[in-house]
Amino acid sequence: MDVLETLGIALGLATLAGVNLYLTVFAAGLAIHFGWVVLPASLEQLSALGNPWLVSIAGVLYFLNFFADKIPWVDSANDAFHTFIRPLGGAVLAVLALGEADPAVKVIAALLAGGAALTSHAANSGTRLVANSSPEPASN
């Protein structure tokens with residue numbers, strides 16, 4: 001697989017992880033586990049996402065996160081907590097997607113992926129914070 005394609009997959013997973021890490025891992029894990037997606041040899045390390053334990057844990061965490069997002073101010077606190085988790089998760093997913101690459105390339109990709117995850121998370125949580133702090137009839 002071409003380097004740009006692999007980097008695109010890595011940064012795409014990281015950006016999705018910035019929006020919702022647990023849903024990204026859950027959906028990718030289900031797709032890999034049930035064979036809905038066939039991974040090329042260069043992305044073989046992503047097959048770890050198909051582990052039934054990992055899929056189950058990601059599903060439970062997504063379920064909890066889903067309901068936390070429905071309660072005003074709890075969702076903002078949850079987003080504040082995930083400001084640290086989602087960029088790290090995005091970086092880990094990107095490094096997994098790179099497979100056996102040069103360590104310098106992995107560090108660069110992890111930095112780019114963490115930045116992409118943080119950017120998408122900031123847009124998501126910033127919009128939520130504005131909606132939570134605006135007058136009730138106007139936006140909520």
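Structural data are supplied above this passage.
Colleague: With reference to specific residues and values, describe a nonpolar patch on the surface.
Modeller: Together, Trp 53, Ile 57, Val 60, Leu 61, Phe 63, Leu 64, Phe 66 and Phe 67 give the surface a local cluster of nonpolar side chains, amounting to about 850 Å² of exposed area. Mapping Leu 61 onto the fold places it in helix α2 (residues 52-68).

Colleague: I'd love a proper account of the environment of Ile 71, names of residues and values included.
Modeller: Within the secondary structure, Ile 71 sits in the loop between α2 and α3 (74-98). Remark: the alpha-carbon pair of Ile 71 and Ala 91, spanning 20 residues in sequence, is separated by 28 Å.

Colleague: Please provide a residue-by-residue account of the packing of aromatic side chains, values included.
Modeller: Going through the model one piece at a time under the given rule, you end up with four aromatic pairs. Geometrically, the ring pair formed by Phe 34 and Trp 36 is stacked, given 5.5 Å between the ring centres and 25° between the ring planes. The interplanar angle of 50° and the centroid separation of 6.1 Å between the aromatic rings of Tyr 62 and Phe 66 together place this pair among those described as tilted. Taken together, the positions of Tyr 62 and Phe 66, both in helix α2 and four residues apart, correspond to about one turn of that helix. Given the relative accessible area of 22%, Tyr 62 is considered partly exposed. On the accessibility criterion, Phe 66 (34% relative accessible area) is partly exposed. By the ring-pair criterion, three or more aromatic residues cluster together here, those being Tyr 62, Phe 63, Phe 66 and Phe 67. The lysine or arginine in question, Lys 70, covers the ring of Phe 66, its NZ or CZ lying 4.2 Å from the ring centre.

Colleague: Let's hear about the pattern of salt bridges: which residues, and what values?
Modeller: All chains considered together, the criterion is met by one salt bridge. The salt bridge partner of Asp 79 is Arg 86, with a shortest N-O separation of 3.6 Å. Comparing Asp 79 with Arg 86 shows no difference in burial state: the two are buried.

Colleague: Provide a residue-level description of α3, including the pertinent values.
Modeller: Its 25 residues give α3 an end-to-end C-alpha distance of 35 Å, which sits within 8% of 36 Å, the value for a rise of 1.5 Å per residue. Of all the bends found along α3, the most pronounced is centred on His 82 and spans about 45°. Just downstream of α3, Gly 99 is the residue with a positive phi angle, here 70°.

Colleague: I'd like a rundown of the environment of Asn 20, residues and numbers included.
Modeller: Here Asn 20 lies in helix α1 (residues 3-33). Here Asn 20 falls in the buried class, since its relative accessible area comes to 11%. Each C-alpha atom of the pair Asn 20 and Ser 120 lies 9.5 Å from the other, and the pair is 100 residues apart in sequence. Once residues lying within four places of it in the same chain are set aside, the contact partners of Asn 20 are Tyr 62, Asn 65 and Arg 86. A polar atom in the side chain of Asn 20 sits 3.2 Å from the backbone nitrogen of Tyr 22.

Conventions we followed
Residues numbered from 1 in each chain as written. Predicted model: local features only at pLDDT ≥ 70, side-chain atom pairs only at ≥ 80, totals over all residues. Heavy atoms only, no water. Patch = residues over 30% accessible without salt bridge, like charges linked within 9 Å, V, L, I, M, F, W, Y side chains within 5 Å. Areas by Shrake-Rupley, 256 points an atom, 1.4 Å probe, with all protein chains shown as cover. Salt bridge = Lys/Arg side-chain N within 4 Å of Asp/Glu carboxyl O. Helix = DSSP H or I, 4+ residues; strand = E, 2+ residues; numbered from the N terminus. Phe/Tyr/Trp six-rings, centres within 6.5 Å; stacked < 30°, edge-to-face > 60°. Buried < 20%, exposed > 50% of the residue type's maximum accessible area, 1.4 Å probe, protein only. Lys NZ or Arg CZ within 6 Å of the ring centre and 35° of its normal. Expected span 1.5 Å × (residues − 1). Bend = angle between axes of the 7 residues up to and from the residue. Contact = heavy atoms within 4.5 Å. Polar contact = N/O pair within 3.5 Å; in protein donor to acceptor, adjacent residues only side chain to side chain.

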